[in-house]
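Each chain, letter by letter, is given below.
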Amino acid sequence: MKAASLASPQDISKHPLRIVEVPKPELAPGHVLLRVLACGVCRTDLHIIEGELPPLRDQLIPGHQIVGKVVDGATPEIPMGTRVGVSWIGGTDGECWYCQRGLENLCDSPTFTGYTVNGGYAEYALARADFVFPLPTSLDDLHAAPLLCAGIIGFRSLRVAGVEQGERVGLFGFGASAHLAIAVLKAWKCGVYVSTRGVSHRKLATSLGATWVGNETERPPVVLDRAVTFAPSGDVVVAALASLRKGGVVAINAIHLDRIPEFDYDRLLWGERQLRSVTNMSRADARDFLQIAGEIGLRPKVTPFPLDQANEALLAIKTDSIDGAAAIIP
Ligand SMILES: [Zn+2]
Ligand SMILES: [Zn+2]
């Protein structure tokens, strides 16, 4: 099969992914073999490919937002031909302290799709049968792909922030995750206040129904109940904190931050304001979000790229030269 493979991490401008012919994955017990129909491109892929996350395999096929059709290993629950999604959380041990308490997103030995195991930048991919999610028929392959990480993690961020119906919610940064989260917030009748860099991101936020849109240095005109930050910047976290009412929550949706700058505790955190991080996702997050996405007819903005142009797709994400999301169609 054809695949985009990484041997050694490098800056994406050097085209570190090679398009190669490799053997189709062999079916393993407890797994399904998928014909990949689309695979979303995530910023985490970029962190892996450029080496910000340490390499764990000699050769890696990245990609963890897989839309695929079951072609082998079918089970009564997932019959042959079922269209399923695979996300970043490709498996857990089911045994650690966290798994036993229903906190599988914090599992001590997780499997990460497209990082600890091969992912979906290929014609076929192997996935654990208990970590695939049937997809709503209302979503075609291309538009389902970005939901599988950006969408689910954006949804989890809203949960971690404790968002309730009708609240005032700030989104700091407006990339792939935020542009999906806003649809859920609108369905929940929330006011949405977006601070983001870039004219095109602000235009997109306005067109998707944001209550207020400003640039990254502007403060929302109201105090917020909740905020989610998407930029890998501690300054943004502090700006979000400064926008909260007493008892409000900031959920930080970033795998790593440059730093957290010193800030004034008395003014910014006292009053039971909270800072929380968002780490991975659970299967329940995936199922609940996909159900809502189907119900509200969520349709992400997504640009398709052929597999041969995997490097270009990642470069487009890095340089913010497309709005919304990107997906590879092998
Ligand atoms: Zn575990
Ligand atoms: Zn991701």
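Whatever comes next refers back to the structure up there.
Below you will find a few notes about this structure. Quick caveat: nothing in here was measured; it's all calculated off a predicted structure.

**Focus: the coordination of the zinc ion (ligand 2)**
Surrounding the zinc ion (ligand 2) are the protein donor atoms Cys-42 (SG), His-64 (NE2) and Cys-149 (SG), at 2.0 to 2.2 Å. In primary-sequence terms, the residues that donate to the zinc ion (ligand 2) follow C-x21-H-x84-C. Of this pair, His-64 sits in the loop between α1 (43-49) and β4 (66-72) while Cys-149 sits in the loop between α2 (141-144) and α3 (150-160), and the two are 85 residues apart along the sequence.

**Some words on empty space enclosed by the protein**
Per the counting criterion, the structure on display carries 1 cavity of 30 Å³ or more. In terms of lining, the largest cavity is formed by Leu-6, Ala-7, Pro-9, Ile-48, Pro-55, Leu-56, Arg-57, Leu-60 and Tyr-115. Its residues placed into classes, the lining of the largest cavity shows 8 nonpolar, no polar and 1 charged.

**Focus on the coordination of the zinc ion (ligand 1)**
The protein atoms that coordinate the zinc ion (ligand 1) are Asp-93 (OD), Cys-96 (SG), Cys-99 (SG) and Cys-107 (SG), at distances of 2.0 to 2.3 Å. Around the zinc ion (ligand 1), the 4 donor atoms are arranged such that angles at the metal cover 96 to 119°; this shape is classified as tetrahedral. Look at Asp-93 and you get partly exposed, because its relative accessible area is 28%. Assessed through its relative accessible area of 7%, Cys-107 is described here as buried.

**Points about the pairing of strand β16 (residues 302-306)**
Here β16 runs beside strand β17 (residues 325-329); their pairing, made up of 5 bridges, is parallel. What sits directly across from Pro-306, in β17, is Ile-329.

**Thoughts on helix α6 (residues 234-241)**
Burial analysis of α6 places 6 of its 8 residues in the buried class, which makes it a mostly covered element. Among the residues making up α6, those that are buried are Gly-234, Val-236, Val-237, Val-238, Ala-240 and Leu-241. For α6, the capping residue at the N-terminal end is Ser-233, with a side-chain oxygen 3.3 Å from the backbone nitrogen of Asp-235.

**Concerning helix α5 (residues 199-207)**
Taken as a whole, α5 has its buried residues at His-201, Leu-204 and Ala-205. Down the axis of α5, the smallest arc covering the buried residues is 100°, so these residues share one side. Opposite the buried face of α5, at more than 90 degrees from it, the exposed residues are Val-199, Lys-203 and Ser-207. Where α5 is buried, its residues contact α4 (176-187), β11 (191-195) and β12 (212-214).

Here is what the cut-offs are and how they apply
Residues numbered from 1 in each chain as written. Chains lettered and ligands numbered in written order. Predicted model: local features only at pLDDT ≥ 70, side-chain atom pairs only at ≥ 80, totals over all residues. Heavy atoms only, no water. Donors = N, O, S within 2.8 Å, 3.2 Å for Na, K, Ca; no water. Helix = DSSP H or I, 4+ residues; strand = E, 2+ residues; numbered from the N terminus. 1 Å grid on protein atoms, 1.4 Å probe; cavity = no way out; pocket = protein on both sides within 12 Å on 5 of 7 lines; lining within 4 Å. Points joined across faces, edges and corners; volume = space filled by probe spheres on them. Nonpolar A, V, L, I, M, F, W, Y, C, P; charged D, E, K, R; others polar. Tetrahedral: all angles 85-135°; square planar, octahedral: opposite > 155°, others 65-115°. Buried < 20%, exposed > 50% of the residue type's maximum accessible area, 1.4 Å probe, protein only. Pairing = 2+ DSSP bridges. Polar contact = N/O pair within 3.5 Å; in protein donor to acceptor, adjacent residues only side chain to side chain. Arc of directions from axis to C-beta. Contact = heavy atoms within 4.5 Å.

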